[in-house]
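Secondary and tertiary structure notes
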Amino acid sequence: MTINKRNYSVEPSASVNQAGFGSNKVVSTHRNLKRFESQSEFQKISYRKRSDDYSQKPDSFDRQQERINKKYNYQSVFANKNNNAESKTNQPIRLSFQLMTRAEPVAMVIETIKSLLAIKAFDDEILIVDNNHTKTELYEPLAKFCNGLDAKLNVHFYHIDAVAGFKSGALNLALGLMNPNATHLVVVDSDYQALPQARDAIVSAIRHHPKHTLLQFPQFYRDAGRVDVHSELNHYFNYHLYRPFNRSRALSTGTYAVIRRDALINLGGWSGASITEDAQMGVLMHRQGLRSQFIPEVIATGLLPTTLSDLMAQRRRWIYGNMQVLNTYFSMRSKPTEYPHLSDKQSYAVQSQSIKERLAYMRAHLSQLSAWINFTGIFILLHVATLLIIGAVLLAGLNVNLATLLTPLYIVYMSYGLFLARRLWAYLHDDAPLNQQVQNESKPNLGHRLQAWALHLNFWELGALSWWPVLWGRDKPFICTPKLDDVRTRRSVRIANISALPKLLLGLSVLTAMLVSPLSPLYSPLLFVCAIIVCLLKLWAAKVIMTNYSYKEPSFSSQKTVLQQTNLQKSKSLADDKVANNNKIASYK
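Since the structure is predicted, the reported quantities are computational estimates derived from the model, not experimental observations.

Let's shift gears to the pattern of salt bridges. Oppositely charged side chains are able to pair whenever their charged atoms sit close together. Going through the model one piece at a time under the given rule, you end up with eight salt bridges. A salt bridge links Lys538 to Glu461; its shortest N-O distance comes to 2.8 Å. Linking Lys538 in helix H24 (residues 525-548) with Glu461 in helix H20 (residues 460-465), this pair joins segments that are 77 residues apart in sequence. In this structure Glu461 comes out as buried when scored by relative accessible area, which is 5%. One network of salt bridges, in which partners are shared, links Asp431, Lys443 and Arg449.

Printed below as a string of C-alpha cells:
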C-alpha cells in the first residue's frame, strides 16, 4: 500500500498548452514531505516518486525542476515515447483505475472504491489522487481505509495539497504514478460505481478495437426520481454520441474513458488548455491520427448534482470548457513535423488523411463540442438593444415611425423559433437506446420527450451567453460539483431554485408582450403571439425542473441508500458481490 502526502505544483509546459504534448514541470512547493504511514522504502521505480525530506536551500525554478526530475525520474514516462502500441500487442490487458477526488464525501468515495475492488483483476490497480484541498477530515479517513486493505489489491492513495492545472494536473500525476505494466487507464469519477459487468465490457471493447486509443463508455445516473433531468443529460449519449458519424469519432467525456497508456504518454499527457480536459485530449488524439470509439454499454452509474444551482454550475463549466476547445480548434492544425514523437505509422496516418476524412472528423468534433452550446446569444443582445431603443424613444417623445423599430424583433423571434424547432426535433428523435438497454424500457413516449425538451430550455441562456468570455481570453476556475446536499427547509429550497434559474429570456419576452399587446400603440399580433409562446415555454420549463429539484424530507441515511442503490445490476445481489470479493481476496493471499 502506498499512502503519501505531498504538495506539488504541476504546470504544463508551453508546448502542452499550445499543442497538447511535451514534458511536465514538477515543482515541490513545500519542504517537509510527510507520510501517513512509516514505510521502510517507498517503491523505487522510475514512474513513482519516493517520499523524502526536502530541507535544502530553495533553488531557482529551473534548478529545482532539474533536481526533482533527476532524483525522482518523474518525466521518464514522457521521455520514453518510443514504446509503440505495436510492440505491446501480445501484452495482457492490465487496467489502472484512476480516481481524482477533491474534498469529496468519504462514504461515497469508499463505495466507489469497493465497486472497483469487486470487478478488478488481481493485476489491475486503483489509484486515488486526492488533490487541491487541506481538509484532513475528508482525506485522512480515505487514507485509513486504503491502508487497511490488503496490499495485494494494489490500491494506492495519494493526497496532494496543491496541484496546478485543475483536474488535468492531477491526471498527469496519476499518469506518472501508474504501474508501467498497465496497458490502459480508466478514468473514474468519485461518485461512479462500477457495475458487475464493467471490467468484462472494458476488456471486450479493447479486444474488439485493438488499434483504438480511446474507448468512451456512457455516463448514467442512479438517483431515484429526477427522471426528466436524467433524460436531458442522457440525451447527449442517447442521441449525439449514438449517431454513427460521432460514434466512431468520439471525444472523451471524462468518467469511464478507457485510454491506452502508451498513446497518452506519446501525446504528452493531459492538456490543461481547457477546463474540459477530456474533450481537449480527444481532439488532440484525432489530430495525431489516433482513433476512438463510443461503446454504447452502461457499465457504471453516478450521482446527479444535488441542487439546481449545482446543476447550472456544472453546465456552465461544460459549456465554457467546450468553447475553450472550439476557440483554439482551427489553430491546432495537424502538422506531422510538429509531432516528432509520433511513430512512422502515426505520422503517415496524419499526412494521408483525405479531405473527406478531415471534414468527417470536423463534423463530429463540432457536433459534440457544441451539444450544450447555442448561437442565439447575438439575437438575445439584439433583443435587449431593441427594447432599450424603443423605450428611450417613447420616453423622449421623439417623432419616429415606431413600427419600423419593431423590425429587429421579428428577426429575433425568428431565430428563437429556429433554435426551439431544432432542439425539439432532436429530442423527438431520441429513442433513449441506453435506457432501453439497461432498464428494459420501451421507447420513451411523446410526453417524456417533451418533458426532457422543456427541461433543456432552462439552459437556453447559459448555452447562448456563458461562453462569450472565452472569446476575449478570460479564464474560468475549475469548480467541482458537490455530491451531497445540505439539510434545508422547503422555503429555502424554493428560493434557491428560483434564484438559480436563468430568467433573462422570460423577462425580455414579458416586456415584449406588453410592448406589442393589443392595448399598446405598437400592437403586433405576430410578435405578441411569439412573445407569449416563449413566456409559456420558459414557465413550463421552470415548472419541470423545479419539480425534479423539489424539496425532499431530510434523511441522514438517504444518501447512503442512494449510494448503495444499483437499479442496473444484472443477476447479482449485494450478497453475491460480497462473497465474490471475499473469495477474490482469499485467492490473492
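Okay, the nonpolar core next. Ranked by size, the top nonpolar core spans 87 residues in total, and within it Phe97, Leu116, Ile202, Phe217, Tyr256 and Ile545 carry the most contacts. Here the element with the most residues in this core is helix H12 (residues 308-327); it accounts for nine residues. Those residues within four positions of Ile545 in sequence are excluded, and the remaining contacts are Leu308, Leu311, Met312, Leu455, Asn458, Phe459 and Leu501. Residues Ile380, Tyr413, Phe419 and Leu420 belong to the second largest nonpolar core, which totals 30 residues.

This part takes up the side chain of His286. You can see His286 is positioned in helix H11 (residues 277-287). A polar side-chain atom of His286 sits 2.7 Å from a polar atom in the side chain of Ser292.

Right, let's talk about the environment of Pro218 for a bit. The topology assignment puts Pro218 in the loop between strand E10 (214-216) and helix H8 (227-240). In this structure, the C-alpha to C-alpha distance between Pro218 and Thr253, residues 35 residues apart in sequence, is 8.2 Å. Discounting residues that sit within four places of it in the chain, Pro218 has contacts with Phe237, Phe294, Ile295, Pro296, Glu297, Val298 and Leu434.

Once that is clear, we can look at helix H19 (residues 446-456). Turning to H19, its buried residues are Arg449, Ala452, Trp453, Ala454, Leu455 and His456. At its buried positions, H19 is contacted by H8, H12, helix H17 (407-428), H20 and H24. Its side-chain oxygen placed 3.1 Å from the backbone nitrogen of Gly447, Asn445 serves as the N-cap of H19.

Side-chain direction in a regular strand flips from residue to residue, so the side chains alternate between the two faces of the sheet. Burial of strand E7 (residues 155-160) is extensive: six of the six residues sit out of reach of the surface. The side-chain alternation of E7 yields two buried faces, one formed by Val155, Phe157 and His159 and the other by His156, Tyr158 and Ile160. Relative to E7, strand E6 (residues 125-131) runs parallel, the two sharing six bridges. Bridge pairing in E7 links Ile128 to Phe157. On the question of chirality, the crossover connecting E6 to the parallel E7 by way of helix H5 (residues 136-147) is right-handed.

Right, let's talk about unusual backbone geometry for a bit. Glycine aside, negative phi is the norm for most residues, and most peptide bonds take the trans geometry. For Ala103, which is not glycine, the phi dihedral falls at a positive 55°. Positionally, Ala103 belongs in the loop between strand E5 (95-101) and helix H4 (106-117). Residue Ala103 is classed as partly exposed on the basis of its relative accessible area, which comes to 24%.

So, about empty space enclosed by the protein. Counted according to the given criterion, the structure contains one cavity of 30 Å³ or more. Taken as a whole, the largest cavity holds about 40 Å³ of empty space. Arg315, Trp372, Asn374, Arg423, His456, Phe459, Trp460 and Gly463 together form the lining of the largest cavity. Partitioned by chemical class, the residues of the lining of the largest cavity number three nonpolar, three polar and two charged.

Let us look at a nonpolar patch on the surface. There is a patch of nonpolar side chains on the surface, built from Val510, Leu511 and Met514 and spanning about 280 Å² of accessible area. Checked against the element boundaries, Leu511 lands in helix H23 (residues 504-515).

Criteria and thresholds
- Residues numbered from 1 in each chain as written.
- Predicted model: local features only at pLDDT ≥ 70, side-chain atom pairs only at ≥ 80, totals over all residues.
- Heavy atoms only, no water.
- Salt bridge = Lys/Arg side-chain N within 4 Å of Asp/Glu carboxyl O.
- Helix = DSSP H or I, 4+ residues; strand = E, 2+ residues; numbered from the N terminus.
- Buried < 20%, exposed > 50% of the residue type's maximum accessible area, 1.4 Å probe, protein only.
- Core = buried A, V, L, I, M, F, W, Y, C linked by side-chain atoms within 4.5 Å.
- Contact = heavy atoms within 4.5 Å.
- Polar contact = N/O pair within 3.5 Å; in protein donor to acceptor, adjacent residues only side chain to side chain.
- Pairing = 2+ DSSP bridges.
- Right-handed = clockwise from strand over helix to strand, strands pointing away.
- 1 Å grid on protein atoms, 1.4 Å probe; cavity = no way out; pocket = protein on both sides within 12 Å on 5 of 7 lines; lining within 4 Å.
- Points joined across faces, edges and corners; volume = space filled by probe spheres on them.
- Nonpolar A, V, L, I, M, F, W, Y, C, P; charged D, E, K, R; others polar.
- Patch = residues over 30% accessible without salt bridge, like charges linked within 9 Å, V, L, I, M, F, W, Y side chains within 5 Å.
- Areas by Shrake-Rupley, 256 points an atom, 1.4 Å probe, with all protein chains shown as cover.

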